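# Architecture and fold: a report
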Amino acid sequence: MKLLTLNFLTCAVKSCKSTSASFPLHPKDCELVSDTLKSDPKLLFNILPRLDWSALSTTASELGFPGLPPSAPTKEELEANEKLFHDLHTLLLETHISEGSLVCANCGHSYKIKEGIANFLLPNHLV
Amino acid sequence: MLPTPSTSHVAFERVYEPAEDSYLLLDTLSSEAEKAFLQRRFSSTLTGVLSPLVVEIGTGSGVVLSFVDAHAETIFGREDVLTAGIDVNRFACEATVQTVKVAEQEQVVQGKTSGIYLGNVVGDLAGPLRSSTVDVLIFNPPYVPTPDLPELPALSNTAANSSFEDDSHLLALSYAGGADGMETTNRLLDSLPGILNSDRGCAYILLCAQNKPEDVKQRIRSWGRKWGVETVRSSGMKAGWEKLQIIRIFRT
């Protein structure tokens with residue numbers, strides 16, 4: 001799964017949904033893989049504004065990526081900063097999580113990722 | 001007609017094999033009427049309409065999600081479409097990853113674009129999704145009326161060498177819908193207001209005649225004026241009854 005997926009996932013436990021601690025989930029012991037994708041400025045321009053930037057910054061720093069700017073860059077900033085454009089392209093579109101887990105900071109439940117597929121089925125006591 | 005993605009690599013002993021219902025979804029999503037609807041709603045020339053996120057629940061072999069991903073530009077009029085899948089069956093998730101990969105490679109060979117596939121997760125319906133994030137949701141439910149609803153697979157049931165009973169259970173999850181074939185679909189419908197984008201969100205859901213589609217539509221109308229619902233495609237006329245139909249639920 002692409003790292004970007006984490007921006008759209010939360011803890012599956014019902015009582016966690018209303019708490020801000022359930023998003024983003026925190027990657028733990030994750031192995032990353034990357035592929036090469038042709039970079040297309042239009043893609044990043046249209047994806048960046050729909051992301052939760054602070055959640056993305058948290059995910060990136062927890063996975064050991066260099067710090068992101070405090071707020072999402074505008075189209076003009078991105079056009080003027082080739083390095084930032086390249087870093088974001090790599091982070092969002094080329095980076096996949098292959099193994100590890102995603103942990104909810106509210107309930108502590110850990111969702112395992114195997115071969116790039118995270119398992120959000122809950123044990124009976126959490127359903 | 002847009003080509004149907006290949007699923008020849010999928011083990012159909014434990015993953016639902018594409019059938020009439022899957023193809024009805026492909027026909028619907030690539031119909032002139034639905035392309036026009038989606039392009040109006042998600043046009044990249046409208047200000048504020050960012051890359052849409054398409055989520056399919058119950059991806060099975062992945063034939064529908066890979067079709068939308070590979071033909072994103074034709075269907076949505078833009079290639080920056082994000083796609084993702086959820087299935088309760090891990091084997092179905094693995095199959096979908098592979099099916100999307102093959103379909104995207106085929107697009108590359110033909111010099112054509114595809115969307116941006118994020119991945120598949122194992123999960124129960126919309127459970128793993130953050131609220132208000134989904135622009136287009138696609139669901140081909142377990143819609144066959146059955147006396148009982150099969151239990152969700154146990155968390156540990158991920159062994160590669162599963163038994164015949166395990167395989168049958170996974171297949172049962174893909175079709176057995178409990179009372180009126182609606183028990184699982186009703187749970188999904190309940191979650192729609194929470195997960196769909198509050199301005200543009202819409203959902204394509206397949207129903208069969210035994211699901212009492214008119215009752216389902218009436219129920220959605222009772223959600224109020226901010227919601228619309230239409231039958232956008234049907235098939236298999238039998239004695240005046242459509243056997244299968246696709247309804248589109250949408251924010252107005």
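Here the structure is a predicted model, which means the values were calculated and not measured.

Residues and elements named next belong to chain B. Taken as a whole and judged by the stated rule, the model has four aromatic pairs over all chains. Each ring, one from Phe37 and one from Phe250, has its centre 5.8 Å from the other, and the planes form 70°; the classification is edge-to-face. Residue Phe37 is found in helix α2 (residues 32-42), and its partner Phe250 is found in strand β7 (residues 241-251); the two are separated by 213 residues along the sequence. The exposure class of Phe37 is buried, given its relative accessible area of 8%. Looking at Arg14, its charged tip hangs above the ring of Phe91, at a distance of 3.8 Å from the centre. The ring of Phe250 has Arg248 lying over it, and the distance from NZ or CZ to the ring centre is 5.0 Å.

On to the nonpolar core, then. One broad rule of soluble globular proteins: the nonpolar side chains tend to lie buried together. By size, the foremost hydrophobic cluster in this structure holds 66 residues, and its most contacted members are Leu137(B), Leu192(B), Ile205(B) and Ile249(B). At six residues, the largest contribution of residues to this core is made by helix α4 (residues 82-94) of chain A. Excluding its chain neighbours within four sequence positions, the residues that come into contact with Ile249(B) are Leu189(B), Leu192(B), Gly201(B), Cys202(B), Ala203(B), Ile205(B), Ile220(B), Trp223(B), Trp227(B), Gly228(B) and Val229(B). Core analysis: the second largest hydrophobic core is formed by 28 residues, Phe42(B), Val68(B), Leu244(B) and Phe250(B) among them.

This part is about helix α8 (residues 213-221) of chain B. Of the residues making up α8(B), those classed as buried are Pro213(B), Val216(B), Lys217(B) and Ile220(B). Angularly, the buried residues of α8(B) cover 95° about the axis, an arc narrow enough to put them on a single face.

In this structure, the amide linkage connecting Phe23(A) to the following residue, Pro24(A), adopts the cis form with an omega of -5°. Located in the positive-phi region is Leu125(B), a residue other than glycine, with phi close to 50°. Within the fold, Leu125(B) resides in the loop between β3 (116-122) and β4 (136-139). With a phi close to 55°, Asp180(B) is a non-glycine residue in the positive phi region. Tracing the backbone shows Asp180(B) in the loop between α6 (164-175) and α7 (183-195). By relative accessible area, Asp180(B) is classed as partly exposed at 37%.

Another point: the interface of chain A and chain B. Listed by partner, the interface residues are 30 residues for chain A and 31 residues for chain B. Taken together, the two surfaces of chain A and chain B that pack against each other cover about 2,600 Å², and 64% of this comes from carbon and sulfur. Among the residues of chain A in contact with chain B, Arg50(A), Ile117(A) and Leu121(A) are the three that bury the most area, contributing 28% of the side total. Seen at the junction of chain A and chain B, the total is two salt bridges. Residue Asp135(B) pairs with Arg50(A) through a salt bridge whose shortest N-O separation is 2.7 Å. Contributing elements (two or more residues each) for the side of chain A that touches chain B: α1 (41-47) and β4 (117-119) of chain A. If you tally residues by element for the side of chain A that touches chain B, the top one is α1(A), at four residues.

For the rest of this paragraph, the subject is the environment of Lys243(B). Residue and element names in this part refer to chain B. Mapped onto the elements of the fold, Lys243 is located in strand β7. As for Lys243 and Leu207, which are separated by 36 residues in sequence, their C-alpha atoms are 8.5 Å apart. A distance of 3.3 Å separates a polar atom in the side chain of Lys243 from a polar atom in the side chain of Glu20.

Conventions we followed
- Residues numbered from 1 in each chain as written.
- Chains lettered and ligands numbered in written order.
- Predicted model: local features only at pLDDT ≥ 70, side-chain atom pairs only at ≥ 80, totals over all residues.
- Heavy atoms only, no water.
- Phe/Tyr/Trp six-rings, centres within 6.5 Å; stacked < 30°, edge-to-face > 60°.
- Helix = DSSP H or I, 4+ residues; strand = E, 2+ residues; numbered from the N terminus.
- Buried < 20%, exposed > 50% of the residue type's maximum accessible area, 1.4 Å probe, protein only.
- Lys NZ or Arg CZ within 6 Å of the ring centre and 35° of its normal.
- Core = buried A, V, L, I, M, F, W, Y, C linked by side-chain atoms within 4.5 Å.
- Contact = heavy atoms within 4.5 Å.
- Arc of directions from axis to C-beta.
- Buried area = accessible area lost by both parts, 1.4 Å probe.
- Salt bridge = Lys/Arg side-chain N within 4 Å of Asp/Glu carboxyl O.
- Polar contact = N/O pair within 3.5 Å; in protein donor to acceptor, adjacent residues only side chain to side chain.

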